[in-house]
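# Examining the three-dimensional arrangement
If you want the building blocks of each chain, they are given just below.
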Amino acid sequence: QAVFLGKSPVLLQGPTSSGKTTIVKYLADITGHKFVRINNHEHTDMSEYIGGYATSETGKFEFVYGALVRAIDEGAWVVLDELNLAPSDVLEALNRLLDDNNQLYVAETQTNFVPKPSFRLFATQNPPGTYGGRKQLSRAFRGRFIEIHVDEIPPSELTTIIHLRTN
């Protein structure tokens, strides 16, 4: 319901291996949307989201757009995995995309990227405090998302999943 009733970003919080990313991939697959996963960690930098300068095949030094910019431009569904591991400067860069402006500005090319109508933004995180290194996202930042709690997969369901996947 959160995905199909509006364009608000969705934050899925729950324990490791509870299917947070898999849920989004499944929905993207059955609705025909391209799926992009960007994994965050304590050393994530903006180049992974926005891009950076690199040498092209022709030997020219040029700006190559990152995964988030390409996904916005293609109208993909993006999961920012382990969002509460990302450094503060990475989170701050998402503000324009998450607010009413709904754009991503790339200073290096002085370009505003407006998401295609099919673009959707998701984020996942393990509960802060329970898992090492996870910080509590600010209430203002979290308020830009629809938050959904994902519980652990019950053992009986996990047994069924493993059985069906491995015959």
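Above this text you will find the structure in question.
Described below are features of the structure shown in this document. This one's a predicted model, so the numbers in the text were calculated from it and none came from an experiment.

As for its placement among the helices and strands, R70 is situated in helix α3 (residues 67-74). Distance from R70 to P115, taken between C-alpha atoms, is 9.8 Å for residues 45 residues apart in sequence.

Ranked by internal contacts, the top residues of the largest apolar core, which has 30 residues, are Y49, L68, V78, L80 and L83. Looking at this core, the elements that each hand over two or more residues are β2 (35-39), α3, β5 (77-81), α4 (88-93), α5 (95-98), β6 (104-106) and β8 (120-125). No other element matches the five residues that α3 contributes to this core. When neighbours within four sequence positions are excluded, Y49 is seen to be in contact with I38, N40, T44, G66, A67, L68, V69, L80, L83, V90 and L94. Within the second largest apolar cluster, eleven residues are counted, among which are L12, V24, A28 and V150.

Further remarks concern the sheet that holds β5. The strand order β2-β5-β8-β1-β9 describes an open sheet built from five strands, whose pairing is parallel. In this open sheet, the two edge strands, each paired with only one partner strand, are β2 and β9 (146-149). Adjacent strand axes in the sheet meet at a mean angle of 20° when their direction is disregarded. Pairing between β5 and β8: four bridges, direction parallel. Paired with L80 across the two strands is A123, which belongs to β8. In the packing of helix α1 (residues 20-31) onto the sheet, the strands contacted are β1 (10-13), β2, β5 and β8, and the crossing angle to β5 comes to about 175°.

Quick notes on the rules
- Residues numbered from 1 in each chain as written.
- Predicted model: local features only at pLDDT ≥ 70, side-chain atom pairs only at ≥ 80, totals over all residues.
- Heavy atoms only, no water.
- Helix = DSSP H or I, 4+ residues; strand = E, 2+ residues; numbered from the N terminus.
- Core = buried A, V, L, I, M, F, W, Y, C linked by side-chain atoms within 4.5 Å.
- Buried < 20%, exposed > 50% of the residue type's maximum accessible area, 1.4 Å probe, protein only.
- Contact = heavy atoms within 4.5 Å.
- Pairing = 2+ DSSP bridges.
- Axes fitted to C-alpha atoms, helices over the stretch in contact; angles between N-to-C directions.

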